[in-house]
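Topology and contacts: notes
Listed below, chain by chain, are the residues.
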Amino acid sequence: MRYARLMVVHHHHGRRQIGDETRFLASSSFGDGALYVKYLVSNQRALRTIVEDILAVRFDWTQPVNTHAGIRHFYWFMLRHKARGFCFW
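The paragraphs below set out a description of the structure included in this document. (Residues numbered from 1 in each chain as written. Predicted model: local features only at pLDDT ≥ 70, side-chain atom pairs only at ≥ 80, totals over all residues. Heavy atoms only, no water.)

Here we come to the overall build of the protein chain. When you go through the protein chain residue by residue, the secondary structure sums to 4 helices and 0 strands. Tracing the protein chain from N to C terminus, the helices and strands come up as α-α-α-α. Against the compact-globule benchmark of 12 Å for 89 residues, the protein chain has a radius of gyration of 13 Å, which places it among compact chains. Oriented by its inertia axes, the alpha-carbon framework of the protein chain measures out at about 40 × 25 × 25 Å. Out of the 89 residues in the protein chain, the part that is buried amounts to 29%. When the accessible surface of the protein chain is summed, it comes to about 6900 Å², and 59% of that surface belongs to carbon and sulfur atoms. If you average the places of the 13 positive and of the 6 negative side-chain charges in the protein chain, the two averages end up 4 Å apart. (Helix = DSSP H or I, 4+ residues; strand = E, 2+ residues; numbered from the N terminus. Rg over C-alpha atoms; globule rule 2.2 N^0.38 Å. Buried < 20%, exposed > 50% of the residue type's maximum accessible area, 1.4 Å probe, protein only. Areas by Shrake-Rupley, 256 points an atom, 1.4 Å probe, with all protein chains shown as cover. Lys, Arg positive; Asp, Glu negative; His and termini not counted. Charge placed at Lys NZ, Arg CZ, Asp CG, Glu CD.)

Here it is, written out as structure tokens:
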């Protein structure tokens, strides 16, 4: 696993319905959570990323994401589904 903080990729995921986009983001975050578990012991970046995800929840109030109509608190939504993937592993 390699993390490049400065690399950002924007692409259209192809979902046009709000529910489809919300399910896509939930399943993607679930997969991230499972990935964190896989690398938690062998890679310190996994632990740092988990901490960063937890701390990012504050952005729901300071820098809210408004581009996903089906998600009110974006960072909390993502963290919740990452936690589900983490626990499922």
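All chains considered together, the criterion is met by 2 salt bridges. The partner of Arg 23 in a salt bridge is Asp 20, with the nearest N and O atoms 2.5 Å apart. Separated by 3 residues within a single helix, Arg 23 and Asp 20 lie in helix α1 (residues 18-39), roughly one turn from each other. A salt bridge links Asp 53 to Lys 82; its shortest N-O distance comes to 3.1 Å. (Salt bridge = Lys/Arg side-chain N within 4 Å of Asp/Glu carboxyl O.)

Evaluated as defined, the whole model comprises 3 aromatic pairs. Between Phe 30 and Phe 88 the ring centres are 5.5 Å apart and the planes differ by 55 degrees, which places this aromatic pair in the tilted class. Here Phe 88 lies in helix α4 (residues 74-88) and Phe 30 lies in helix α1, a separation of 58 residues in the sequence. Of the residues examined, Phe 30 reaches a relative accessible area of 22% and is grouped as partly exposed. The class for Phe 88 is exposed, based on a relative accessible area of 66%. Between Phe 74 and Tyr 75 the ring centres are 5.5 Å apart and the planes differ by 85 degrees, which places this aromatic pair in the edge-to-face class. On the basis of relative accessible area, Phe 74 is assigned to the buried category, the value being 14%. An aromatic cluster is present here, built from Phe 59, Phe 74 and Tyr 75 joined pairwise through their rings. (Phe/Tyr/Trp six-rings, centres within 6.5 Å; stacked < 30°, edge-to-face > 60°.)

With that settled, consider the nonpolar core. Nonpolar side chains tend to gather and get buried jointly when the protein is soluble and globular. Formed by Leu 25, Ala 26, Val 65, Ile 71, Phe 74, Phe 77 and Met 78, the largest nonpolar core amounts to 7 residues. Elements represented by at least two residues in this core include exactly α1 and α4. No other element matches α4, which puts 3 residues into this core. The contact partners of Ala 26, leaving out residues within four places of it in the chain, are Phe 77 and His 81. (Core = buried A, V, L, I, M, F, W, Y, C linked by side-chain atoms within 4.5 Å. Contact = heavy atoms within 4.5 Å.)

So, about the environment of Cys 87. One can find Cys 87 in helix α4. Sequence separation between Cys 87 and Val 37 is 50 residues, and the spatial gap between their C-alpha atoms is 8.4 Å.

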